[in-house]
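For reference, the chains in residue letters:
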Amino acid sequence: MTRRVSIFGATGSIGQNTIDLIARDPDAYDVVALTGASNIDQLASDAMRLRADIAVTADETQLDDLRTALEGSGIEAAAGQAALTEVGCRPADWVMSAIVGAAGLAPGICALEQGATLALANKESLVCAGQLILSTAKANDARLLPVDSEHSAVFQALVGEDMDAVERIIITASGGAFRDWPLDKLASATLAEASSHPNWDMGQRITIDSASMFNKALELIETREYFGVRPDQIEVLVHPESMIHAMVGFTDGALMAHVGPPDMRHAIGYALHWPDRRALPVDRLDLAQIGALTFRPPDEVRWPALRLAREVMERGGLSGAVFNAAKETALDGFIAGRIGFQTMAQVVEQVLNDTDPGHIDAPMTLDNVHAVDQMARQAARDVIEHKAG
Ligand code: NAD
Ligand code: MG
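What counts and what doesn't
- Here the residue numbers are simple positions, counted from 1 along each chain's written sequence.
- Here the convention is simple: chains get letters from A, ligands get numbers from 1, in the order in which they are written.
- At least 70 in pLDDT is required for a residue's local features to be given in this predicted model, at least 80 for side-chain atom pairs to be given and counted, and no such filter applies to totals for whole chains, interfaces and linings, which use all residues.
- Side-chain metrics in this entry use all non-hydrogen atoms of the structure; hydrogen atoms and water are not considered.
- Coordination here is defined by N, O and S atoms within 2.8 Å of the metal (3.2 Å for Na, K and Ca), and since water is not considered, a site can look incomplete.
- Secondary structure elements are defined from DSSP: runs of H or I of at least 4 residues count as helices, runs of E of at least 2 residues count as strands, and each element is numbered from the N terminus.
- If even one non-hydrogen atom of a residue comes within 4 Å of a molecule or strand, that residue is called near it.
- Think of a polar contact as two N or O atoms within 3.5 Å of one another; within protein, one of them needs to be a possible hydrogen donor and the other a possible acceptor, and neighboring residues in sequence only count if both atoms come from side chains.
- Under this grouping Gly is polar, as are all residues other than the nonpolar Ala, Val, Leu, Ile, Met, Phe, Trp, Tyr, Cys and Pro and the charged Asp, Glu, Lys and Arg.
- We treat two strands as partners when DSSP finds at least two bridges between them.
- In this analysis, axes come from line fits to C-alpha atoms, helices being fitted only over the stretch in contact, and the angle between any two N-to-C directions falls in the range 0 to 180 degrees.
- Contacts are assigned to residue pairs that have any heavy atoms within 4.5 Å of one another.
- Two rings belonging to Phe, Tyr or Trp (six-membered ring only in the last case) form a pair when the distance between their centres is within 6.5 Å. Interplanar angles under 30 degrees mark stacking, angles over 60 mark edge-to-face geometry, and anything in between is tilted.
- To sort residues, take the accessible area from a 1.4 Å probe on protein chains only and compare it with the maximum for the residue type: under 20% means buried, over 50% means exposed, and anything in between is partly exposed.
- The rule for a charge over a ring is simple: NZ of Lys or CZ of Arg within 6 Å of the ring centre, and within 35 degrees of the ring normal.
- We count a salt bridge whenever a side-chain nitrogen from Lys or Arg sits within 4 Å of a carboxyl oxygen from Asp or Glu.

> So what exactly am I meant to see when it comes to the coordination of the magnesium ion (ligand 2) here?
Reference values for coordination geometry: four tetrahedral donors around a metal ideally subtend 109.5 degrees, six octahedral donors ideally subtend 90 or 180 degrees. The protein atoms that coordinate the magnesium ion (ligand 2) are D148 (OD), E150 (OE) and E219 (OE), at distances spanning 2.1 to 2.2 Å. Binding-site remark: the magnesium ion (ligand 2) is held by donors from one chain whose sequence spacing is D-x1-E-x68-E. Taken as a pair, E150 in helix α7 (residues 149-157) and E219 in helix α10 (residues 214-227) lie far apart in primary sequence, 69 residues in all.

Following this line, the structure appears as structure tokens:
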């Protein structure tokens, strides 16, 4: 039986890994929509290779280029935010949500409203609007599957287990590009230095977020939303080798660890074939050759993002949307060379502290999340202006 699949963020790192798996078994899938933003050639060639119904770019100025690239193929072309949301509403059995940032929220919600299984790499949407996503999935009998190495690992370790027997969840962190740097050097870290990851090959934004630990901060909140555990039950453990992705600790003292090579095609493939396990083209670990796996506690002085995430989890409401939007804007500021590496966390902290509690306590609707997101982006731009000016 062929399955109808759509890939949001198809031209990115997760999107390309998803296409790699799907293209190995083309008869099994009927591709509905592929979306991207700037890489039109890639989007068009993948749409033609996979015989998609429609290709959408987020960038309206590139619609003509997309149309030209697809000429004669019979594949529809569309552009802009409304078109991205519209393809989210097209019936599909399985949807990969791999847009980077809060822009992934609305298309993901639409896919859930169609009852699709949503493979969620776009962790930002869970951080912004976790309860909205979970309630939309429930109301439409749709399935949400994690596509983050840590959360896929936890999800797998929980198969057949009772959540009442879960004592704690440990997500590991490689420590990113600067884990061994002297603290006083961090302020002068450059974009090129922050954009290289020791173990994982990922998009630039998540790679920089790994160096600052904002990625792990988002993942703390993501863990809370997926698995419904208390914040004090979630731990971060620095594990430089990135072989153990997460561990679940049970009330009898057992720790179930998920061990595997750092290759996102495992988490993507698990979500693609769930509830089955199928053969995947990932390396097999030779533990005798690896010899030792090491661990250290996370350092909240080096990585203030972890402390901020704990404050967000305590605060609840729409504080996750504020946190994510301020983080995305601070990251834009760092990429543009306007603020230093460590200033990113200062910007986010100030925006969180200055946000009117009335905004945080507003009901979690898509409109309110969007409004708070826009407000926090403006507040972050103002803080950056002040610091940079
Ligand atoms: P990426 O930057 O490589 O790709 C992002 C994709 O989103 C591209 O297709 C891009 O065209 C599209 N996009 C960017 N801005 C957009 C916008 N405003 N509107 C619509 N589309 C837009 O990113 P990535 O590394 O593949 O990460 C994608 C998501 O998966 C992120 O949420 C990230 O946190 C998560 N994730 C990634 C990895 C990884 O290994 N790369 C691992 C775990 C989770
Ligand atoms: Mg991860």
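> Which parts of the structure should I look at to understand the site of ligand 1?
Taken together, 23 residues surround ligand 1, and among them T11, S13, I14, A37 and E124 come closest. A distance of 3.3 Å separates an oxygen atom of ligand 1 from a polar atom in the backbone of G9. Between ligand 1 and the protein, one listed contact pairs an oxygen atom with a backbone N or O atom of A37 at 2.9 Å. Elements with a minimum of two residues in the shell around ligand 1: α1 (13-23) and α6 (123-139). Partitioned by chemical class, the residues of the shell around ligand 1 number 13 nonpolar, seven polar and three charged.

> Would you explain the sheet that holds strand β11 (residues 255-259) in this entry?
Sheet strands associate in pairs through backbone hydrogen bonding, adopting either a parallel or an antiparallel arrangement. Spatial ordering of the open sheet is given by β9-β8-β10-β11, a layout of four strands whose pairing is mixed. Strand pairing shows two members of the sheet lacking a second neighbour, β9 (234-238) and β11, which therefore form its edges. Between one strand axis and the next, the sheet turns through 20° on average, direction left out of account. Here five bridges tie strand β10 (residues 244-250) to β11, and the two strands are oriented antiparallel to one another. Its bridge partner being in β11, I244 is matched across the sheet by V259. In this fold α7 packs onto β8 (166-173), β10 and β11, with an angle of close to 40° to the strand it touches most, β10.

> I tried to follow the packing of aromatic side chains on my own but got confused; where do I start?
Describing an aromatic ring pair means giving the distance of the ring centres and the angle of the ring planes. What the rule picks out here adds up to six aromatic pairs. Residues F155 and Y270 carry aromatic rings whose centres are separated by 6.4 Å and whose planes lie at 75° to one another, so their mutual orientation is edge-to-face. Residue F155 is located in helix α7, and its partner Y270 is located in helix α11 (residues 265-273); the two are separated by 115 residues in the primary sequence. Owing to a relative accessible area of 19%, F155 belongs among the buried residues under this scheme. Aromatic pair F334 and F341: ring centres 5.7 Å apart, planes at 70°, arrangement edge-to-face. An identical accessibility class is assigned to F334 and F341; each is buried. Sitting over the ring of W181, K185 keeps its end group 4.0 Å from the ring centre. When the ring centre of W303 is taken as origin, the NZ or CZ atom of R302, which lies over that ring, is 5.9 Å away.

> Help me understand the pattern of salt bridges, please; the structure alone is not making it clear to me.
For side chains of opposite charge, pairing can occur when their charged atoms come near one another. In this structure the tally under the stated criterion is 25 salt bridges. As a salt-bridge pair, D209 and K327 come within 2.6 Å of each other at their nearest N and O atoms. Highlighted residues: D209 in helix α9 (residues 204-212) and K327 in helix α14 (residues 319-335), separated in sequence by 118 residues. Taken as a pair, D209 and K327 share a single burial class, namely buried. Among the ionic pairs, D263 bridges to R265, the shortest N-O distance being 2.9 Å.

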